Amino acid sequence: MPSLTADEVRHIATLARLELNELEVERLTIELAAILEYAAQVQGVDTATVRAGDAEEPASRTAAVPADTALRADVLVPSLPRNHVLDSDTGFFTVPRVLGG
Amino acid sequence: MTSSTSARDVPGTTACEIRAAIAAGRTTATQVCRATLDAIDRVDPRLHAFLFVDREGALARAAELDRTRPVDAPLLGVPVAVKDNICTLGQPTTAASRLLETYRPPYSATVVSRLEAAGAIVIGKTNLDEFAMGSSTEHSAFGPTFNPWATDRVPGGSSGGSAAAVAAGLVPIALGSDTGGSVRQPAALCGVLGLKPTYGRVSRYGLIAFASSLDQIAPFARTTEDAALVLRAMTGVDARDATTAAEPPVDYRAGDARLDGVRIGVPRHLLDGIEPDVDARFEAALAELTAAGAAVKEIELKHAPLAVPVYYLVGNAEASSNLARYDGVRYGFRAESSTVSEMYYKTRAAFGAEVKRRIMIGTYVLSAGYCDEFYVKAQGVRSLIRRDYAAAFESVDLVATPTSPTTAFRLGERVGDPLQMYLSDIFTVPANLAGLPAVSVPCGEGASHLPVGIQFTGRAFDEALLLRAAHAIERRTDWLAHRPPVRG
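Because the structure is predicted, anything quoted here is derived from the model rather than measured.

Colleague: Which parts of the structure should I look at to understand the overall build of chain A?
Modeller: Regarding its fold elements, chain A presents three helices and zero strands. Listing the helices and strands of chain A from first to last along the sequence gives α-α-α. Looking at chain A as a whole, 14% of its 101 residues are labelled buried. Within chain A, counting contacts between residues at least 6 apart in sequence, those at least 24 apart form 32% of the total.

Following this line, the structure appears as structure tokens:
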């Protein structure tokens, strides 16, 4: 059963680049503990019959279904039109100034 | 639609009727478009289904269609609404997030291009839970959507705006996205049809990613015929989405609504705790399926009770990774800061509470020390859930459950209890985890005259059988005669 401390919540927030105020830390410590406790019921399930690499398993963990990797012909096709992508006034990508600001 | 089409005639008509009337010259795309815009102006202040209405763009497109008259276009002049997490060139695409409030994508999603190529007019963008994370549309940064059947109730979510727009008759067809039930659950709560296609059936190019192994773009419609029409227009292989599958198109023609020889499995062990009203409508629908010739039998999906915990582990792990891209550098909002690190934190502070909660869960379950016991374990259980379906489909052709354990709940009722909100996805998440197609179709009304939906889940790429079953329910109930009090 995962119990969660406020320091762990702050650590996770740092990994996720989320800035939390003390109220959010307090609330998330409680909410995350409850959600993770609920989710922990998967830990009791016997998954020994599931092996990566089986024909009936997806090739990667990020795929929903077993399927071969799709390949396409390596041919040139038009990219996005310039007027959809570049600044209409300058004809360039516009980014925030980084020098002399 | 009559020959003298007035603004009042268009709302509530089907896509098939609109296309036929324009092709026969009984009305024009411009008349339909104006009537649709008028209906949205009249009704949407009470629903807040739309985040953006493209008045000028839609009318320009309608005028172009009236000039060129592509009379064979399957969606000729049909107004469609698009969930605001699907990219549309020239229109904002916000995902209902402050982070993307000013974002305008430089391209349209493949589905949008395909519907436009079929003659459809994108009339506007619809409200959703921020980044599609929620079951009520209350987590939109721009305020909730209200259910046309009772405006003190939620429309469901996350595609609540699209569901409400179709239910109110503002548009005949709308697109949503379904990661754990985000099309089927609002379809049920708003009394319309919502069909999540098989994983790989529809290109996700241009869909703002939430959980990539689960996401599918999915249509809402009021009739089975319209759902089949839009599905045919939006499916197929796309070189820009490597997960799209080379399968024959959905082969469905409206038949006589008989289901002779079709075997339907009901996992009764999952039905504990559903509202009595929902249960009564579901049992009545099963009796209608039997009367239509189907054989209904009980089945077991042993690991399905674990679908919600598996979904919230796998889905949030993927979400925490997908949402890492909103760092102030690449898209939309950027907080001014003196250091790069501070910019990341200040920019990401614009995420709403539910999005932060899910990023936190996802980051936790992928972090060192917890990945094996949570994420890897959940993926193993996901495989067992998929195998349960494969075994069930050896003896049945469809699996039937209610779509949602409850009818539409009140605004504010669950928003303070995330776990309770997650549990409303119990019947819908298994299809996403297994990559299977599933449809929710209205099967009557429960207490307070709120709609109830029945869900059918089928074999991969067998959307045609889902549509047949939906058509049987549609024909054997008088649901299409029911109209919500708030409508166009």
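Colleague: Can you walk me through the interface of chain A and chain B in this structure?
Modeller: Many descriptions give the size of an interface as the accessible area lost when the pieces come together. The interface of chain A with chain B comprises 32 residues on the first partner and 41 residues on the second. Put simply, the parts of the chain that give the side of chain A that touches chain B at least two residues each are α1 (6-15), α2 (22-39) and α3 (82-85) of chain A. With seven residues, the single largest contributor to the side of chain A that touches chain B is α2(A). Partitioned by chemical class, the residues of the side of chain A that touches chain B number 21 nonpolar, five polar and six charged.

Colleague: What am I meant to see in the environment of B:Ser448 here?
Modeller: Residue and element names in this part refer to chain B. Inspection of the secondary structure assignment puts Ser448 in the loop between β10 (438-445) and β11 (451-458). Note on Ser448: 11 C-beta atoms within 10 Å, which makes it exposed. Sequence-wise, Ser448 and Ala392 are 56 residues apart; in three dimensions their C-alpha atoms are separated by 36 Å.

Colleague: Looking at this model, I keep getting lost on the packing of α1(A) against helix α11 (residues 353-366) of chain B. Mind explaining?
Modeller: In a pair of packed helices, the angle between the axes and the distance between the axes together describe the arrangement. Contact geometry for α1(A) and α11(B): axes closest at 9 Å, N-to-C directions at 95°. Comparing the axis directions of α1(A) and α11(B) gives the class roughly perpendicular. Contacts from A:Ile12, A:Ala13 and A:Leu15 of α1(A) reach α11(B) at B:Met360, B:Thr363 and B:Tyr364. For the contact of α1(A) with α11(B), the class distribution of residues is five nonpolar, one polar and no charged.

Colleague: I keep staring at the pairing of β10(B) and nothing clicks. Help me out?
Modeller: Each regular strand shows side chains that alternate between the opposite faces of the sheet. Residues and elements named next belong to chain B. Across the eight residues of β10, seven count as buried, placing the element largely inside the fold. Bridge analysis of strand β5 (residues 193-196) against β10 gives three bridges, and the strand direction is antiparallel. By the bridge assignment for β10, Leu195 is matched with Val439. In the sheet, β10 pairs with β11 via six bridges, with the strands oriented antiparallel. Of the residues in β11, the one forming a bridge with Pro442 is Gly453. What sits between β10 and β11 in their antiparallel hairpin is a turn of five residues, with Ser448 showing a positive phi close to 60°.

Colleague: Just to check I follow, could you spell out helix α9 (residues 307-322) of chain B for this structure?
Modeller: Working note: α-helix, 3.6 residues per turn, so residues spaced by three or four point in the same direction. Between its first and last C-alpha, α9(B) extends 21 Å over 16 residues, near the 22 Å set by a 1.5 Å rise per residue. Burial of α9(B) is extensive: 14 of the 16 residues sit out of reach of the surface.

Colleague: Help me out: how do you make sense of helix α10 (residues 340-348) of chain B in this one?
Modeller: Those residues of α10(B) that fall on the buried side of the exposure criterion are B:Tyr344, B:Thr347 and B:Arg348. For α10(B), the buried positions fall inside an angular range of 90° around the axis, keeping them on one side.

Colleague: So what exactly am I meant to see when it comes to the pairing of strand β7 (residues 263-266) of chain B here?
Modeller: Residue and element names in this part refer to chain B. Note: β7 against strand β8 (residues 295-298), four bridges, orientation parallel. Of the residues in β8, the one forming a bridge with Val266 is Glu298. Regarding topology, helix α8 (residues 276-291) serves as the crossover connection from β7 to the parallel β8, and that connection is right-handed. Pairing geometry for β7 and strand β9 (residues 398-402), over two bridges, is parallel. Within β9, the position partnered with Ile264 by the bridge is Leu398.

Colleague: Just checking my understanding: could you explain the nonpolar core for this structure?
Modeller: Grouped burial of nonpolar side chains is what soluble globular proteins tend to show. Counting residues in each nonpolar core, the largest one holds 172 residues, and the members touching the most others are B:Val80, B:Val310 and B:Leu313. Not counting the four nearest positions on each side in its chain, B:Val310 is found in contact with A:Val42, B:Ala378, B:Val381, B:Arg382, B:Ile385 and B:Leu433.

Colleague: Can you walk me through the sheet that holds strand β2 (residues 79-83) of chain B in this structure?
Modeller: All names here are of chain B. Pairing in this open sheet of 11 strands is mixed, and the strands run β1-β3-β2-β4-β6-β5-β10-β11-β9-β7-β8 from one edge to the other. Edge positions in the sheet fall to β1 (50-53) and β8, since each has one partner strand and no second. Averaged over all adjacent pairs, the angle separating strand axes in this sheet is 30°, with direction ignored. Summarising the sheet, strand β4 (residues 173-178) and strand β6 (residues 216-221) pair through six bridges and their orientation is antiparallel.

Colleague: In this structure, what is going on with unusual backbone geometry? I would like to understand it.
Modeller: Peptide bonds are mostly trans, and most non-glycine residues show a negative phi. Residues and elements named next belong to chain B. Cis peptide bonds are those with omega within 30 degrees of zero, and the linkage from Gly157 to Ser158 qualifies with 10°. You can see Ser158 is positioned in the loop between β3 (121-126) and α5 (160-167). Even without being glycine, Phe131 reaches a positive phi, approximately 55°. Positionally, Phe131 belongs in the loop between β3 and α5. A count of 30 C-beta atoms within 10 Å places Phe131 in the buried class. Phi at His449 is positive, roughly 55°, even though this residue is not glycine.

Rules behind the numbers
Counting from 1, residues in each chain are numbered in the order their sequence is written. For naming, the first written chain is A and the first written ligand is 1, with later ones following in the order written. A pLDDT threshold of at least 70 governs which residues receive local features in this predicted model, and a stricter bar of 80 or more applies before side-chain atom pairs are shown or counted, although totals over entire chains, interfaces and linings include all residues. A run of DSSP states H or I qualifies as a helix once it reaches four residues; a run of E qualifies as a strand once it reaches two. Both are numbered from the N-terminal end. Burial is judged by counting other C-beta atoms within 10 Å of a residue's own C-beta: 20 or more means buried, 12 or fewer means exposed, and anything between counts as partly exposed, with every C-beta placed from the backbone. Contact criterion: two residues are in contact if their C-beta atoms, reconstructed from the backbone, are within 7 Å. Charged residues are taken to be Asp, Glu, Lys and Arg, nonpolar residues to be Ala, Val, Leu, Ile, Met, Phe, Trp, Tyr, Cys and Pro, and polar residues to be all remaining types, Gly included. Convention adopted: a line fitted to C-alpha atoms gives each axis, helices being fitted over their contacting stretch, and angles between N-to-C directions are expressed from 0 to 180 degrees. Should an angle fall under 35 degrees it is called roughly parallel, over 145 degrees roughly antiparallel, and 65 to 115 degrees roughly perpendicular, with every other angle called oblique. Strand pairing requires that DSSP identify at least two bridges connecting the strands. By definition here, a helix of n residues has an expected span of 1.5 Å times n minus one. In this description, one arc is meant: the one made by directions from the helix axis to the C-beta atoms. Orienting the strands away from the viewer, one traces the path from the first strand over the helix to the second; a clockwise path indicates a right-handed crossover. Here a nonpolar core is just a set of buried residues of the types Ala, Val, Leu, Ile, Met, Phe, Trp, Tyr and Cys, joined wherever their C-beta atoms sit within 7 Å.

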